[in-house]
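Listed below are the residues making up each chain.
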Amino acid sequence: MNSKKIVAAMAASLALGLANAEEVKIGCVSGITGPLALTTADVLKVTTTYLDQVNAKGGINGNQLKLVLRDDGYDPKKTVGMVEDIVAKDHVVVLVNGAGTANTATLVKTGTLNKYKLPLLGVYSGSEAIRGPGSDQIFHTRASYNDEIMKIARHVSTIGLKRVAVFYQDDGFGADVLASLTKASQQYNFDIVLKSSYKPGERDFAANAKQLIASKPQAILLMGVPEAVYRFMKVYDAPTGFAQLYALSFVSPKGLAEFAGEEKVRGIGISQVVPNPNSSEFALSREFKNFMQTPSLKGITPSPFLFEAYLNIRLAVEAIKLSGPHPTPEKVTQSLSSMHDYKLAGYPIDFTSTNRRGSSYLDIAVVGVNARLSY
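Residues numbered from 1 in each chain as written. Predicted model: local features only at pLDDT ≥ 70, side-chain atom pairs only at ≥ 80, totals over all residues. Heavy atoms only, no water.

## What to know about the overall build of the chain
Secondary structure assignment for the chain yields 14 helices and 14 strands. In summary, the chain has a C-alpha radius of gyration of 23 Å against a globular reference of 21 Å for 375 residues, a match within 12%. For the chain, the spread of C-alpha atoms along the principal axes amounts to about 90 × 40 × 35 Å. In the chain, the proportion of contacts linking residues at least 24 apart, taken out of those at least 6 apart, comes to 70%. Total accessible area on the chain stands at roughly 17,000 Å², and carbon and sulfur atoms take up 53% of it. Between the averaged position of the 40 positive side-chain charges in the chain and that of its 33 negative side-chain charges there is a distance of 3 Å. (Helix = DSSP H or I, 4+ residues; strand = E, 2+ residues; numbered from the N terminus. Rg over C-alpha atoms; globule rule 2.2 N^0.38 Å. Contact = heavy atoms within 4.5 Å. Areas by Shrake-Rupley, 256 points an atom, 1.4 Å probe, with all protein chains shown as cover. Lys, Arg positive; Asp, Glu negative; His and termini not counted. Charge placed at Lys NZ, Arg CZ, Asp CG, Glu CD.)

Next up, the structure:
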């Protein structure tokens, strides 16, 4: 066969391969607008940039990957409809980076994910409400809030603090927090000297701050939602070293510093559910550091929150790869379920047919200069 015929045959083969290739769609239903808009924008940028890199290398099993979006505005009343729509119109094989306890809980309550055998990989929530019966299509890559609270409580006990106060939201989330803290106080032998609550949506926390300072605690656990913690710190005016402050992983050190002032928030301990994104502990961390140097990500600061998004999309792509050339939601679910003692670039993931809690990683980092976290 002469060279022209060889080239023609190769071109025909390539054309046939492209014709047979599929566009595999990954879905994200989140608050693209609304109170999560700024955070979601960076998560989506990380997600799409990674998929662009995968596609530039030929995709997965000959298929190109595409992220398709639906905006529920962080409104739980819209989430189910958005998931129904993305399934019907785009035939996604997996959802990634879900946001919101209430939003996700509606999917559990209505059985929407189970109805379509559609896996949801990675939710920015540690609530037990989305880890119980009916949540078997949700694959978690972060520890629960209960785990975070127990980690903080163990740390408080280790450094000898005995008088603990808590700032919490007066709702189901807050009730879970108090239940975990009560258990922790008994296990680690400290006293809860004050429980200072606020109603969802409140914005003035001056009275809470005065109440907490008056109780003279050695540690204050800020168990509110991020905006409430930011606003609380804005009005918190205790002497330096008065009490050690702690918050849960969803609180951003950058958000804290921008809202309350960098000097005021230095020293706050924040529980972490992923490794230090600037460390070399895992190959995944090193790969994330290199990934964040991508020109299209210029101006976006690496953070645990974005590392979590990167972890989730990496894991979703791995599950699609394991599902073969024609992935379906059910096949991707089976692939995720098979990831027992799995290593994602050295990072341990452990899903099984009965276990959907893939990671139990926990640490505590301290807010330092320029709102950087020290581990």
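## As for the environment of Gly81
With respect to the helices and strands, the residue Gly81 is situated in helix H3 (residues 76-90). A C-alpha to C-alpha distance of 9.8 Å links Gly81 and Leu107, two positions 26 residues apart in sequence.

## Some remarks on the side chain of Arg70
When you line up the elements, Arg70 lands in strand E2 (residues 64-71). Setting aside residues no more than four positions away along its own chain, Arg70 makes contact with Cys28, Val29, Ser30, Ile32, Met82, Asp85, Ile86, Lys89 and Asp90.

## Here we look at the sheet that holds strand E1 (residues 23-30)
The sheet built from five strands is open, its strands ordered E2-E1-E3-E4-E5 with parallel pairing. Strands at the two margins of the open sheet, each flanked by one partner only, are E2 and strand E5 (138-139). Bridge analysis of strand E4 (residues 120-124) against E5 gives two bridges, and the strand direction is parallel. Bridge assignment links Leu120 to a residue of E5, and that residue is Ile138. (Pairing = 2+ DSSP bridges.)

## Some details on the packing of aromatic side chains
The final tally for this structure, using the stated rule, is 17 aromatic pairs. Put simply, the rings of Tyr50, Phe288, Phe291, Phe307 and Tyr310 touch in pairs and so form one group of aromatic residues. (Phe/Tyr/Trp six-rings, centres within 6.5 Å; stacked < 30°, edge-to-face > 60°.)

## Some remarks on the packing of H3 against helix H4 (residues 101-110)
Geometry of a packed helix pair, given as the angle between the helix axes and the separation of the axes. Interaxial distance between H3 and H4 falls to 8 Å at its minimum, and their mutual angle equals 55 degrees. Between H3 and H4, the angle is such that the two are oblique. As H3 packs across H4, the resulting crossing turns out to be right-handed. Along the contact surface, H3 presents Pro76, Thr79, Val80 and Val83, while H4 presents Ala102, Asn103, Thr106, Leu107 and Thr110. Among the residues forming the contact of H3 with H4, the class breakdown is five nonpolar, four polar and no charged. (Axes fitted to C-alpha atoms, helices over the stretch in contact; angles between N-to-C directions. Parallel < 35°, antiparallel > 145°, perpendicular 65-115°, else oblique. Left-handed = near helix turned anticlockwise from the far one by under 90°. Nonpolar A, V, L, I, M, F, W, Y, C, P; charged D, E, K, R; others polar.)

## A look at the side chain of Thr294
Note that Thr294 resides in the loop between helix H12 (283-291) and helix H13 (304-322). Ignoring any residue separated from it by four or fewer positions in sequence, one finds Thr294 in contact with Thr49 and Gln53.

## Examining unusual backbone geometry
Positive phi, normally seen in glycine, also occurs at Asn61, with a value near 55 degrees. Here Asn61 is to be found in the loop between helix H2 (37-56) and E2. Phi at Tyr74 is positive, roughly 65 degrees, even though this residue is not glycine. As for its position among the elements, Tyr74 is in the loop between E2 and H3.

## Some thoughts on the pairing of E1
Within E1, seven of the eight residues are buried, which leaves the element mostly enclosed by the surrounding structure. Of the pairings in the sheet, the one linking E1 to E2 comprises eight bridges and is parallel in character. Looking at the pairing, Lys25 lines up with Lys66 of E2. The handedness of the E1 to E2 crossover, carried by H2, is right-handed. Two strands pair when backbone bridges link them, and E1 and strand E3 (residues 94-99) are joined in this way by two bridges, in the parallel orientation. Within E3, the residue paired with Gly27 across the bridge is Leu95. (Buried < 20%, exposed > 50% of the residue type's maximum accessible area, 1.4 Å probe, protein only. Right-handed = clockwise from strand over helix to strand, strands pointing away.)

## Some remarks on the pairing of E3
Taking burial as the measure, the six residues of E3 include six buried ones, the bulk of the element. Pairing of E3 with E4, which is carried by four bridges, proceeds in the parallel orientation. Bridging across to E4, Val96 finds its partner in Leu121.

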